[in-house]
Amino acid sequence: MTEQIPIETLHPTIRMLSDEQIEAIHHASLDILSGTGIVMKNEVGRELLVDAGAWESEGRIKIPPHLVMDAIASASPRIPMFNRLGELTMPLEAGKVFFGPGSDCPFTIDVETGQRRKATAEDVRRIAHLCDSLAQIDFVMSMGSPSDVPPLDHYLHSFISMIRGSVKPNVYTANNREDMEDIYRIACAVAGGEDELREKPFMLHYAEPISPLLYNDESVDKLLFCAEKGIPVTYPPSPNTGGGGPITLAGALALGNAESLVGLALTQLVRPGTPFLYGMNTAALDMKSAIVSYGSPEWPLGMAACADLARYYDLPVWGTAGAADSKVVDAQAGIEAAISMMSAFLTRCNLVHDVGYIEYGTTSSMEMLVVADEIIREVRYIMGGVEISERTLAREAIHRAKPGGGFLADDHTLDNWKWAQWRPELIDRMRYDRWVEKGRKDMATRANERARQILAEHQVPPLPEAAEEVIAEVLKEREDSAKRTT
Amino acid sequence: MVIGLPSDHLRKGRTMDTKAHVLEQIASNLYKGEDDVVATLVHQALDQGMAPAKILNGGLIAGMDEVGKDFKAGDLFVPEVLIAARAMHAGMDILRPLLAEGEVPSAGKYLIGTVQGDLHDIGKNLVKMMLEGAGFETIDLGTDVKPDAFVAAVREHQPQLIGMSALLTTTMTGMKATIEGLEEAGLRDTVKIMVGGAPLTAAFAEQIGADAYAPDAATAVDVARNLMGV
């Protein structure tokens, strides 16, 4: 046979919303913005919207559809993200899925003692260090809110710890414009200058409005700073069902969509083309404990719907997965992480955060990150689909086989086994006796050992000297200003 | 088969300094499953005037021993063992016609089969291949082997060891019937009997009067060696 066109492999995807459902949510969102209106606490943000055609009525800013549609049209459908060495490692664009941890947990599970305790700046660095080594983790977030630095300097220290701990792109948070400016100075020193940072951004800022419909001064100010400087930014609202959003997911999606589009509009009014990552957090407010549930099925359901909306707008999309409500790394945590990460892949959510959270985002766990890394690897294999080709159909091997005799020692097995099957690294498939002999270790125990091994062995390239000098300057300035105010 | 840099290097013969060296190269290439390289090296060793039995023991079997050790330690996958076994065969095919009668060393003669009523072949075949890799001479009776057939084969081949396999709880009883058959024929004391298979336990093996139980193919080799007293 002459060489024929290969049969294309189907890589499975899911759609949560029909075209009609997407249009209905879109229209509801536009009605919310023009009919109900938002509350804008930032003066510059208010002026930008009003100058562009919004109006004030009954204490609200009401935003017409054309303002929103213009913003969607001017935004970029993709955000190429680089690591801090200048390599393109995370192009946020259609069809691609990238995973990373979440930010700012007050507590962590100490990887040496197993105790739940307050997080420190060193924890943030160590978790970034762990993430730097995990092959399935594409970006880092601060993962801890350091308790051992002055409260107003939390975010600054988190940023410094992250970039020291990992070369991977990061998603960072900040307190206010002062934080944004200091972090920007440090980032420019890392990249080699303002132009270099704009051309090869290795950081993406995460700010958020307060659902429902409240745009607080600082968060808008941070958003506008990103637009001014060309820093990629995401501004996901949290219309958690029954809390920040209506109890019904459709209402939460309509509200969250409206809120996210205002964030988009603000950035595009400052600078058309500002790289903006669309999205929202659609957790459920648990009706018994009143926690925001990170393991709830509403979240992956909402994330899938949100990804459909993003495709409708041709925008890159933010998502959440790999997080648990469980207080320990156990079966519940595994279920919550696996379901959400599978969903993230199936929906092709571009940037998926909160991997490694336990206790509904209050505590970070290195073991959970290591477990999630294995789950992502396994789900990625499933997403590969089933290759149908002459080499995989194995006609000759089937013809050769002795009925009942098996294929284990067939040349086709020996030549293809390495790629044809997935092989676990952390998941255990030992025979019982051997598992007993090796210490009867469960998944969490093995993950703990792996995390400690990585921390002991993995090397991360240090920051450029110029960047460490700027960090020292910034920290000195903070100290001096703290002394002046006391 | 992928031929990497080290083997290309070997093919040019640059590292063939000493006789000991060529045996080490055979063993290490066998470990890596480089069947073509193993064949080339076996020819080179013969050209240097080395005795076939020495090449077999010091090269092929030494290499296969390392494979067995690392498989048992959990460092190798089953196909890696089988690829190494394929390389061993490549070497053996050259040596076999040159080895004098009685020069082929055997770790023991091993009769193997899946018991009556059970058609499962794959696990039994894996055990057989592991045993062959360790130098055992195997006689494979196949699947659905009736007690009488085991007895007749013992009489004919006079093995030191018998291995019985079963995948089903319903066919496990065939093992006991076979042992009883050997007792009736007065042959029980001439052989050591091993049993294995997914539903089996060491306790079951003891209960039916077998000499040993092996939970997996790698362990089966060790158990067989122990029963042979080596």
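Next up on the list: the domain arrangement of chain B. All names here are of chain B. Entries for chain B in the domain assignment read domain 1 (14–104) and domain 2 (106–230). Inter-centroid distance (C-alpha atoms) of domain 1 to domain 2 is 28 Å. Across the domain 1 to domain 2 interface the summed buried area is about 800 Å²; carbon plus sulfur atoms make up 72%. Three residues stand out in domain 1 for area buried against domain 2, namely Phe-71, Lys-72 and Leu-82, and they jointly supply 45% of the buried area on that side. Inspection of the domain 1/domain 2 interface yields 2 salt bridges. A salt bridge links Asp-222 to Lys-72; the shortest N-O distance between them is 3.3 Å. At the junction of domain 1 and domain 2, the tally comes to 2 residue pairs in polar contact (both at pLDDT 80 or more).

The next thing to look at is the nonpolar core. Counting 117 residues, the largest nonpolar core has A:Ile38, A:Ile63, A:Phe159, A:Ile186, A:Met203 and A:Tyr278 as its most contacted members. In this structure A:Ile186 touches A:Leu156, A:Phe159, A:Ile160, A:Ile163, A:Val470, A:Ile471 and A:Val474, once residues within four positions along its chain are discounted. With 51 residues, the next largest nonpolar core counts A:Leu414, B:Leu30, B:Leu82 and B:Phe136 among its residues.

This part takes up the packing of aromatic side chains. All names here are of chain A. If you walk through the whole model with that rule in mind, you get 12 aromatic pairs over all chains. Arranged with centres 5.4 Å apart and planes meeting at 65°, the rings of Phe-159 and Tyr-172 form a pair that is edge-to-face. Taken together, the residues Phe-159 in helix H5 (residues 154–165) and Tyr-172 in strand E9 (residues 170–172) connect sequence positions 13 residues apart. Residues Phe-159 and Tyr-172 agree in their burial class; the two are buried. Positioned over the ring face of Phe-107 is Arg-116, at 3.8 Å from the centre of the ring. It is Arg-391 that lies over the ring of Trp-419; its NZ or CZ is 3.8 Å from the centre.

Together, A:Glu194, A:Asp195, A:Glu196 and A:Glu199 make up a region of like negative charge exposed at the surface. Within the fold, A:Asp195 resides in helix H7 (residues 194–199).

Residue and element names in this part refer to chain A. Reading across the sheet, the 3 strands line up as E6-E17-E16 and stay open at both edges, with parallel pairing between neighbours. Each having just a single partner strand, strand E6 (98–99) and strand E16 (318–320) make up the two edges of the open sheet. Relative to strand E17 (residues 351–353), E16 runs parallel, the two sharing 3 bridges. If you follow Gly-319 over to E17, its bridge partner there is Val-352.

On to unusual backbone geometry. Residue and element names in this part refer to chain A. Look at the link from Ser-211 to Pro-212: it is a cis peptide, with omega at -5°. Relative to the assigned elements, Pro-212 resides in the loop between strand E10 (203–206) and strand E11 (214–215). Even without a glycine there, the phi angle at Leu-213 is positive, about 70°. Within the secondary structure, Leu-213 sits in the loop between E10 and E11. With a phi angle near 40°, Tyr-360 is a residue other than glycine that sits in the positive phi range.

Taken N-terminus to C-terminus, the directions of helix H15 (residues 411–420) of chain A and helix H5 (residues 78–95) of chain B make an angle of 130°; their axes are 10 Å apart at the nearest point. Overall, the two elements H15(A) and H5(B) adopt an arrangement that is oblique. For the crossing formed where H15(A) meets H5(B), the hand is left-handed. Two secondary-structure elements touch here, H15(A) through A:Asp411, A:Leu414, A:Asp415, A:Trp417 and A:Lys418 and H5(B) through B:Pro79, B:Glu80, B:Leu82, B:Ile83 and B:Arg86.

Turning next to the pattern of salt bridges. All names here are of chain A. Per the counting criterion, the structure on display carries 41 salt bridges over all chains. Glu-477 is the salt-bridge partner of Arg-185, the closest N and O atoms lying 2.9 Å from each other. You can see Arg-185 sitting in helix H6 (residues 177–191) and its partner Glu-477 sitting in helix H18 (residues 465–485), a full 292 residues away along the chain. Linking Glu-374 and Arg-377 is a salt bridge whose minimum nitrogen-to-oxygen distance equals 3.2 Å. With Glu-374 and Arg-377 both in helix H12 (residues 366–383) and 3 residues apart, the pair spans about one turn of that helix. Overlapping salt bridges, with partners in common, bring together Asp-153, Glu-178, Asp-179, Asp-182, Arg-185, Glu-473, Glu-477 and Arg-478 in one network.

Every regular strand shows the same layout, with side chains that alternate between the two sheet faces. Residue and element names in this part refer to chain A. Sheet topology places strand E4 (residues 79–82) next to strand E5 (residues 88–92); 4 bridges connect them, and they run antiparallel. Pairing of Ile-79 across the sheet is with Leu-92, part of E5. Here E4 folds back onto E5 in antiparallel fashion, the turn holding 5 residues, of which Gly-86 has a positive phi close to 90°.

Further remarks concern the interface of chain A and chain B. Across the boundary between the two partners, chain A contributes 15 residues, which contact 18 residues of chain B. Of the roughly 1,400 Å² buried between chain A and chain B on both sides combined, carbon and sulfur atoms contribute 61%. On the chain A side of the interface with chain B, the three residues burying the most area are A:Leu408, A:Leu414 and A:Trp417, jointly 39% of the side's total. Across the contact surface, chain A and chain B share 3 salt bridges. If you look at where chain A meets chain B, you find 7 residue pairs in polar contact (both at pLDDT 80 or more). Among the secondary structure elements, those contributing two or more residues to the side of chain A that touches chain B are H15 and helix H16 (432–437) of chain A. The element that contributes the greatest number of residues to the side of chain A that touches chain B is H15(A), accounting for 5 residues. Tallied by class, residues from the side of chain A that touches chain B come to 4 nonpolar, 3 polar and 8 charged.

Cut-offs and rules
Residues numbered from 1 in each chain as written. Chains lettered and ligands numbered in written order. Predicted model: local features only at pLDDT ≥ 70, side-chain atom pairs only at ≥ 80, totals over all residues. Heavy atoms only, no water. Domains from an automatic or database assignment. Buried area = accessible area lost by both parts, 1.4 Å probe. Salt bridge = Lys/Arg side-chain N within 4 Å of Asp/Glu carboxyl O. Polar contact = N/O pair within 3.5 Å; in protein donor to acceptor, adjacent residues only side chain to side chain. Core = buried A, V, L, I, M, F, W, Y, C linked by side-chain atoms within 4.5 Å. Buried < 20%, exposed > 50% of the residue type's maximum accessible area, 1.4 Å probe, protein only. Contact = heavy atoms within 4.5 Å. Phe/Tyr/Trp six-rings, centres within 6.5 Å; stacked < 30°, edge-to-face > 60°. Helix = DSSP H or I, 4+ residues; strand = E, 2+ residues; numbered from the N terminus. Lys NZ or Arg CZ within 6 Å of the ring centre and 35° of its normal. Patch = residues over 30% accessible without salt bridge, like charges linked within 9 Å, V, L, I, M, F, W, Y side chains within 5 Å. Areas by Shrake-Rupley, 256 points an atom, 1.4 Å probe, with all protein chains shown as cover. Lys, Arg positive; Asp, Glu negative; His and termini not counted. Charge placed at Lys NZ, Arg CZ, Asp CG, Glu CD. Pairing = 2+ DSSP bridges. Axes fitted to C-alpha atoms, helices over the stretch in contact; angles between N-to-C directions. Parallel < 35°, antiparallel > 145°, perpendicular 65-115°, else oblique. Left-handed = near helix turned anticlockwise from the far one by under 90°. Nonpolar A, V, L, I, M, F, W, Y, C, P; charged D, E, K, R; others polar.

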